[in-house]
Amino acid sequence: MSLTAGIVGLPNVGKSTLFNAITKAGAYMANFPFATIEPNVGVVEVRDERLDNIVKIVNPRSVVRTSFSFTDIAGLVKGASKGEGLGNQFLSHIRDVDAICQVVRCFDDSNITHVSGKVDPVDDIEIVNLELILADLEVVENRIPKIEKKAQHKVEKEAVIEYSILTRLRDAFMNNMPARSVELTDDEKFFIKNYQFLTMKPMLYVCNVSEDEMATGNDYVEKVRAYANNEGSKVVVISAKIEEELSALDDEERSMFLEDLGVKESGLDKLIKEAYELLGLRTFFTAGEKECRAWTFKNDMKAPQCAGVIHTDFEKGFIKAETYSYDDLMKYGTPLKVKEAGRVRLEGKDYVVQDGDIMLFRFNV
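Residues numbered from 1 in each chain as written. Predicted model: local features only at pLDDT ≥ 70, side-chain atom pairs only at ≥ 80, totals over all residues. Heavy atoms only, no water.

1. Looking at the overall build of the protein chain
- For the protein chain, the helix and strand inventory stands at 14 helices and 12 strands.
- Residue pairs in contact within the protein chain that sit at least 24 positions apart in sequence constitute 69% of those at least 6 positions apart.
- Split by element, the accessible area of the protein chain, about 18,700 Å² in all, is 47% carbon and sulfur. (Helix = DSSP H or I, 4+ residues; strand = E, 2+ residues; numbered from the N terminus. Contact = heavy atoms within 4.5 Å. Areas by Shrake-Rupley, 256 points an atom, 1.4 Å probe, with all protein chains shown as cover.)

2. Quick notes on the nonpolar core
- Of all hydrophobic cores here, the largest spans 52 residues; its most connected members are Leu-18, Phe-68, Phe-70 and Leu-271.
- Beyond its immediate sequence surroundings of up to four residues, Leu-271 is in contact with Leu-18, Ile-22, Phe-70, Cys-101, Leu-204, Val-206 and Val-236.
- Judged by nonpolar contacts, the second largest core, of 17 residues, contains Ile-133, Tyr-163, Leu-166 and Ile-192. (Core = buried A, V, L, I, M, F, W, Y, C linked by side-chain atoms within 4.5 Å. Buried < 20%, exposed > 50% of the residue type's maximum accessible area, 1.4 Å probe, protein only.)

3. A look at the pattern of salt bridges
- Applying the stated criterion across every chain yields a total of 18 salt bridges.
- Between Asp-52 and Arg-65 there is a salt bridge, with its nearest N and O atoms 2.6 Å apart. Here the residue Asp-52 occupies a position in helix 2 (residues 49-58), and Arg-65 occupies one in the loop between strand 3 (62-64) and strand 4 (67-72), the gap between them amounting to 13 residues.
- Linking Glu-156 and Lys-150 is a salt bridge whose minimum nitrogen-to-oxygen distance equals 3.6 Å.
- With a relative accessible area of 38%, Lys-150 lands in the partly exposed category.
- Residues joined in a network through salt bridges with shared partners are Arg-47, Arg-254 and Asp-269. (Salt bridge = Lys/Arg side-chain N within 4 Å of Asp/Glu carboxyl O.)

4. Some words on the pairing of strand 8 (residues 281-287)
- Among the 7 residues of strand 8, 6 are classified as buried, and the element is accordingly described as predominantly covered.
- Two strands pair when backbone bridges link them, and strand 8 and strand 9 (residues 291-298) are joined in this way by 7 bridges, in the antiparallel orientation. Among the inter-strand pairings, Phe-285 is bridged to a residue of strand 9, identified as Ala-294.
- Between strand 8 and the antiparallel strand that follows it, strand 9, lie 3 residues. (Pairing = 2+ DSSP bridges.)

Here's what the structure looks like:
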């Protein structure tokens with residue numbers, strides 16, 4: 001299941017440094033706006049302690065972690081929706097992602113220029129969010145005149161539905177409110193899915209702080225938290241510079257470094273977990289002597305759909321899913337003992353897969 005979060009923000013807030021830390025891809029960095037022009041796409045393995053524990057028990061020949069894609073998108077500037085800076089070039093890149101991680105500068109450093117001349121995280125957020133709203137407003141205003149008469153005269157049922165949705169969205173945009181703030185039914189959201197509204201995408205604010213404030217945060221972070229709480233969004237605090245250094249260390253060195261910093265897990269691990277939660281993603285496992293593997297699925301997916309995550313043939317020919325929980329494996333110690341305890345279940349087509357399920361699919365093609 002390929003899902004992508006876009007890393008956005010004003011120039012020089014630490015987007016590319018963060019991207020490097022996530023993917024170790026060496027994206028080009030420079031201390032001036034628009035150092036990133038084409039979007040860099042990288043895939044990061046998702047750390048999951050549960051998979052590590054399963055591997056210790058099963059001792060497979062290979063281990064495959066689940067992954068998550070991040071896209072580093074060029075820095076946004078005021079007026080981007082009207083073509084300022086790189087304009088619609090990067091706005092189109094944002095349309096292609098599933099969620100938005102907005103990096104916000106929450107540190108002072110006279111050696112790193114700020115596009116607005118001062119550090120003000122809330123002002124930065126509002127610049128970015130307004131440009132996204134204006135871009136969506138332009139889409140709506142271009143479309144409404146084309147369907148308005150058909151809707152008002154009820155010539156076409158679909159035009160009536162579309163007009164109703166778009167006018168509500170237009171009203172929200174005119175009041176500087178994102179599309180995700182408008183109450184829409186699942187059917188209505190599906191109806192306008194092809195528009196790929198930028199402000200319909202879930203938003204996660206990533207506060208980039210200095211090294212010595214990674215564990216404690218600062219006043220800038222608190223201002224971002226207040227803003228995010230007001231709109232129902234979440235916040236992750238990271239130090240992009242530290243995360244880049246951590247990405248070059250092995251697991252043991254990494255643990256020692258984090259301990260010295262006074263934190264239990266890296267900001268990147270927190271970011272990935274929050275991105276998963278933001279998109280409603282969960283993980284199930286397959287475990288055998290040949291391979292132990294983590295698989296990503298959407299919350300509320302049923303067993304056949306999860307089988308299809310592995311291979312479409314598994315979904316087409318689905319029969320049953322031999323299932324037990326990660327917690328039971330930890331409790332009883334081995335898959336055999338889980339089975340002897342009567343904790344292995346045969347689940348059918350209507351079973352809603354749970355986070356942490358360990359599954360073996362039976363199918364016939």
